[in-house]
Amino acid sequence: MLPERDKAVLGEFSYDGGNHFPRIDKLLEEYWTHKPMLDIERAKIYTRVYRETEGERINIRRAKAFKAYLEEREIRDPGLQLIIGDTAQQPRAGTVCPEFHSGWLADEIDTIATRKQDPYGTTPEMVKELKEEIFPYWEGKTVVDHWRKQLPEWVAQLALKTGIVDADIKTQSPPGEVAPYWAMILKKGWGGFIKEAEMHIANLSDIDPEEAEKIDFYRGSIITMEAMGIYSRRVAEVAKKAARTEKDPKRKTELLRMAENCEWLATEPPRDFWEAIQFIWLILVGCMAEGNAPSYSPGRVDQLLWPYFEKDINEGKMTVAFALELIEAFCIKTAESTWLLSENAAMYFAGYQPFHTLNTGGIDTRGLDATNDLSYLWITAKMDVPLHAPSLCVRVHKGSPEHFLQHIGKLARMGLGYPAIYNDESAIKMMLLSGGTLEEARDWQIVGCVEPFISGKMAKWSDGGHYNFATAMEFALTNGRSLMNEGKLLGLETGDPRKMTFDEIKDAVKAQMAYLIEAISVCAHICERLYYEMTPFPYMSTLLDGTYQSGKDLTAGGVKYTYGPAFIGTGIADLVNSLSAIRKFVYEDKTITMDELIKALEANFEGYEVIHKMLSNGTPMYGNDIPEVDIMAGEFSDFAYEEIIKHKSFRGPHYISGLYPVSSHVPHGLVVGALPYGRKAGTPLADGLSPKGGTDLHGPTAVLKSVSKVNAEIHTAGTLLNMRLDPVSVKGDLGLKRISSLIRTLVDLNIYHIQFNVTNSEILCKAQKTPDKYRSLIIRVAGYSAYFTELCKEMQDDIIQRTIHQA
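In this report, the structure presented in the accompanying data block is examined. (Residues numbered from 1 in each chain as written. Predicted model: local features only at pLDDT ≥ 70, side-chain atom pairs only at ≥ 80, totals over all residues. Heavy atoms only, no water.)

### Some remarks on the overall build of the protein chain
Convention followed: Working definition: helices are DSSP H or I runs of at least four residues, strands are E runs of at least two. Numbering for both runs from the N terminus. Each radius of gyration reported is based on C-alpha atoms, and the globular scaling rule is 2.2 Å times the count of residues to the power 0.38. For each residue, the accessible area found with a 1.4 Å probe, counting protein chains only, is set against the maximum for its type, and the residue is called buried under 20%, exposed over 50%, and partly exposed in between. It only takes one pair of heavy atoms within 4.5 Å for two residues to be counted as in contact. For the accessible areas, the method is Shrake-Rupley and the probe is 1.4 Å, while residue cover comes only from the protein chains on display.
Looking only at helices and strands, the protein chain features 34 helices and 20 strands. In terms of overall size, the protein chain behaves like a compact globule, its C-alpha atoms giving a radius of gyration of 26 Å where 807 residues would be expected to give roughly 28 Å. Viewed in the frame of its principal axes, the protein chain has a C-alpha envelope of about 80 × 65 × 50 Å. Across the 807 residues of the protein chain, 66% fall into the buried class. A fraction of 78% describes how many contacts in the protein chain between residues 6 or more apart in sequence connect residues 24 or more apart. Split by element, the accessible area of the protein chain, about 27,000 Å² in all, is 52% carbon and sulfur.

Here's what the structure looks like:
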């Protein structure tokens, strides 16, 4: 329960949401006036600086370009905001990073404003400058240009333009996926890093080649820290300018306080709650300036900000209501960010989601429940500010307070797809397997969709490439040929399935899986090396533990725990259901021959309607607590893990496994033919560990029991479970108790993650027909939420067809 506080300390608000701070309401209205546009300001400045610095060390060139951008970029008037600084020239703009984007953007610039998923507006002037000034300089100089030339032919045939594996996302934008070491950053401030770097340089000699490398690393770090100080002062100056003409005394005082905050933070660490939350935002602005990328995580905000909150409340400097208003202002700022992607990549990460993921709840480093006032307030803020970002995650455990679980339920039943819910016990095991100490593992946090990280001490790309289990099933039945790629031989020739036993079919599937994983490993280690050679990250590296000790960039393995990247699998349910159908109808009941099944699949069941009905209605399916089916999910997910860790990354460690789709289950489905359990060609696959929509017929507990058969802890990049609940079943106090019960079942069964969509299909169908009336409708896609009407129809249809469970 929350502590009793005097009303004067609390201020006017409700923990149960429905708060309407006038400023926040106006900021939300303003947010919806902005449509996503391209922003080429960074592209112009970086291109100029790269021209001027040719021949210099690459980390110094990148640091100088970063500094020039922060010195010269336009700074918006603060308007009504309480948190200032911006990731782009206007809210929801996609910042063009030419060193990453130029290759694909040059091909797509004339269609990016009209593409079906995540379009970005342009102007004639913008397009002209890109084509005449920016694209020509970067031709042949981007990561993707080099990567495509260095891929072996057999890998390129499989990885480029087939959709079977997706491994080029990391070549088309910066890697991102980092949890800054907030506990260290909040103590040091940018000035503290500069002093420490100068001390390291003083103890090194540029005569020694290895030490000279380190000197360059520290110099690059200093340049970026100085740049953030300059930007912070520039933001402060704009706030002071606005204050000079402000007539409202209260707002004038706020503007001057915001200016004071940013002036202080230019060199010093934060002293109070307002400064601390402002500082976290400025750090994220710097991350997005170095590279428009996903998943820069604000971390365990209830723990990080608690000392500042508690001090300010106890000293009477701030009410709880004003703290909530600051949190809500911060949430709006994060929703103004977008991750700019190519047309193909936007299908895998649909919805303009920046993946700024924050965490509340869980245990502390001693293993005790860490729930506090801020754990509740961040959830309340999400109720009041129903935007797609930031992504809100909650950590739960056996000792989580019932009151906290029901507070989670109040947000979940609003239908926003938030919060995502994570089991401490499972995640801590993942972090121990990743090399962390018990204390570090207990301080884990989420980055991106569902990826657990040791806070501030880990560099692991949580997305080195996507594969799907269904393709392996298809290739096993077609002797390696892709039905949706004109019958091309893209897999292994594993033999004629008509002559195989059931165990041999399974072995053929495993051989195809191993081949796909091998191809992704080649794609990933080439990409890793190119980042090391071409695009180090001096700013982001400064913010991680281990780099100052090693004197190495994160791309060189300088972080304390360098781990991954991860290979992400989806569609485990499609594979398991297919094998279940084959076992039952071909080998056990013998009602269908393998030849008949293969011909039916090749025809996409046209002319084979009787067989299709038999397979669709009679196959024992994953998600219904059928042990002999569910055990295959464990078997094949274990196999994926075992194959992935055989391969070594460029930075040294083995690759790691994850089972979540983002939104890749839709584009992957487009290139997978018909499957033996009745799924037709080109339709979406199942997402993550979730059952295929419409096949889980025995309630939520049966789903949880099926999912528990997968050994989640070994998939250290995370696993995902989507569950859709009937809104009627979670109404009232009883509904909250039902949600709490489901969460406790998750913990008892040692399942890592779950998230709820609490919506009815009628509303979603109306939104499809009249999108302008439902612009703010948020839905859970996979490990994140997006505005339903900004998703393409294929993704909308996939969400609508998911099974609705009674809680």
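### Considering helix α10 (residues 182–202)
Where we set the bar: Take the number of residues in a helix, subtract one, and multiply by 1.5 Å to get its expected span. We define the bend at each residue as the angle formed by axes fitted to the 7 residues ending at it and the 7 residues starting at it.
Over its 21 residues, α10 runs only 26 Å from end to end, short of the ideal 30 Å by more than 12%, given 1.5 Å per residue. At Gly 189, α10 shows its maximal bend, which comes to roughly 90°. Of the residues making up α10, those classed as buried are Trp 182, Met 184, Ile 185, Leu 186, Gly 189, Trp 190, Gly 191, Phe 193, Ile 194 and Ala 197.

### Considerations on the pattern of salt bridges
Two side chains of opposite charge can pair, provided their charged atoms sit close to one another. For clarity, the cut-off: The salt bridge criterion pairs a side-chain nitrogen of Lys or Arg with a carboxyl oxygen of Asp or Glu, the two atoms within 4 Å.
Under the defined criterion, the tally for this structure stands at 53 salt bridges. Between Glu 99 and Arg 62 there is a salt bridge whose closest N-O contact spans 3.0 Å. Of the two residues, Glu 99 is situated in helix α5 (residues 98–108) and Arg 62 in helix α4 (residues 58–72); the sequence distance between them amounts to 37 residues. The residues Glu 99 and Arg 62 share a single accessibility class, namely buried. Note that Asp 110 is salt-bridged to Lys 131, the shortest N-O span being 3.0 Å. With Asp 110 in the loop between α5 and α6 (124–138) and Lys 131 in helix α6, the pair connects residues that are 21 residues apart, well separated along the chain. According to the relative accessible area criterion, Asp 110 is exposed, its value standing at 59%. Each of Glu 30, Arg 76, Asp 86, Lys 333 and Glu 336 takes part in a single network of salt bridges with overlapping partners.

### A word on the sheet that holds strand β3 (residues 299–300)
In a beta sheet, neighbouring strands pair by backbone hydrogen bonds and run either parallel or antiparallel. Worth spelling out the cut-off: Paired strands, in this sense, are two strands between which DSSP finds at least two bridges.
Pairing is mixed in the open sheet, where 7 strands are placed in the order β3-β4-β5-β6-β17-β16-β20. Each end of this open sheet is capped by a strand with a single partner; those strands are β3 and β20 (804–805). Pairing geometry for strand β16 (residues 722–725) and strand β17 (residues 753–758), over 4 bridges, is parallel. Of the residues in β17, the one forming a bridge with Arg 724 is Asn 757.

### Side note on the pairing of strand β7 (residues 444–447)
Along any regular strand the residues' side chains alternate between the sheet's two faces. Covered by surrounding structure in β7 are Trp 444 and Ile 446 together with Gln 445 and Val 447, the residues of both alternating faces. Two strands pair when backbone bridges link them, and β7 and strand β8 (residues 451–454) are joined in this way by 4 bridges, in the antiparallel orientation. Directly across from Ile 446, in β8, lies its bridge partner Pro 452. What sits between the antiparallel neighbours β7 and β8 is a turn of 3 residues, in which Gly 448 has the positive phi angle 75°.

### What about the environment of Glu 609?
This is how the line gets drawn: Within 3.5 Å is the distance limit for a polar contact, defined as a pair of N or O atoms, with the added protein rule that one can donate a hydrogen and the other accept it, and that residues adjacent in sequence qualify only through two side-chain atoms.
For Glu 609, the location among the structural elements is in helix α28 (residues 609–618). Each C-alpha atom, one on Glu 609 and one on Gly 678, is 10.0 Å from the other, the two residues being 69 residues apart in sequence. Among the polar contacts listed, one links the side chain of Glu 609 to the backbone nitrogen of Gly 607, at a separation of 3.0 Å.

### Some remarks on unusual backbone geometry
Cis geometry marks the peptide bond from Tyr 418 to Pro 419, where omega comes out at -5°. Mapped onto the elements, Pro 419 comes out in the loop between α19 (402–412) and β6 (420–423). In this structure, Pro 565 follows Gly 564 across a cis peptide bond, with omega equal to 5°. Mapped onto the elements of the fold, Pro 565 is located in the loop between β13 (561–562) and β14 (566–570). Residues other than glycine seldom take positive phi values, yet Asn 604 does so here, at roughly 55°. Along the chain, Asn 604 falls in the loop between α27 (594–602) and α28. Judged by its relative accessible area of 22%, Asn 604 falls in the partly exposed class.

### Re helix α22 (residues 469–478)
Within α22, 10 of the 10 residues are buried, which leaves the element mostly enclosed by the surrounding structure. Among all positions in α22, only Phe 469, Ala 470, Thr 471, Ala 472, Met 473, Glu 474, Phe 475, Ala 476, Leu 477 and Thr 478 are buried. The N-capping residue of α22, defined by a side-chain oxygen 3.1 Å from the backbone nitrogen of Ala 470, is Asn 468. One or two residues past the end of α22 sits Asn 479, with phi positive at roughly 60°.

### Some words on the sheet that holds strand β10 (residues 465–468)
Test applied: Axis definition: a line fit to C-alpha positions, over the contact stretch in the case of helices; interaxial angles, taken between N-to-C directions, run 0 to 180 degrees.
Ordered in space as β10-β14-β15, the 3 strands form an open sheet in which the pairing is parallel. Looking at strand neighbours, the two that pair on one side only are β10 and β15 (656–658), the edges of this open sheet. This sheet shows a mean twist of 30° between the axes of neighbouring strands, independent of strand direction. Contacting β10 and β14, α22 crosses the sheet at an angle of about 50° to β10.

### Focus: the packing of aromatic side chains
Cut-off, in case you're wondering: Stacked, tilted and edge-to-face are the three classes applied to pairs of Phe, Tyr and Trp rings, where Trp contributes its six-membered ring and a pair requires centres within 6.5 Å; stacked means planes under 30 degrees apart, edge-to-face means over 60, and tilted covers the rest. Our definition puts a charge over a ring when NZ of Lys or CZ of Arg is within 6 Å of the ring centre and also within 35 degrees of the ring normal.
All told, the structure shown has 35 aromatic pairs when counted by the stated rule. Arranged with centres 6.5 Å apart and planes meeting at 80°, the rings of Tyr 15 and Tyr 376 form a pair that is edge-to-face. Here the residue Tyr 15 occupies a position in the loop between α1 (7–10) and α2 (22–31), and Tyr 376 occupies one in helix α18 (residues 373–384), the gap between them amounting to 361 residues. Residue Tyr 376 is classed as buried on the basis of its relative accessible area of 3%. An aromatic cluster is present here, built from Tyr 46, Tyr 50, Tyr 69, Tyr 137 and Trp 138 joined pairwise through their rings. Lying across the ring of Phe 537, Arg 62 places its NZ or CZ 5.1 Å from the centre.

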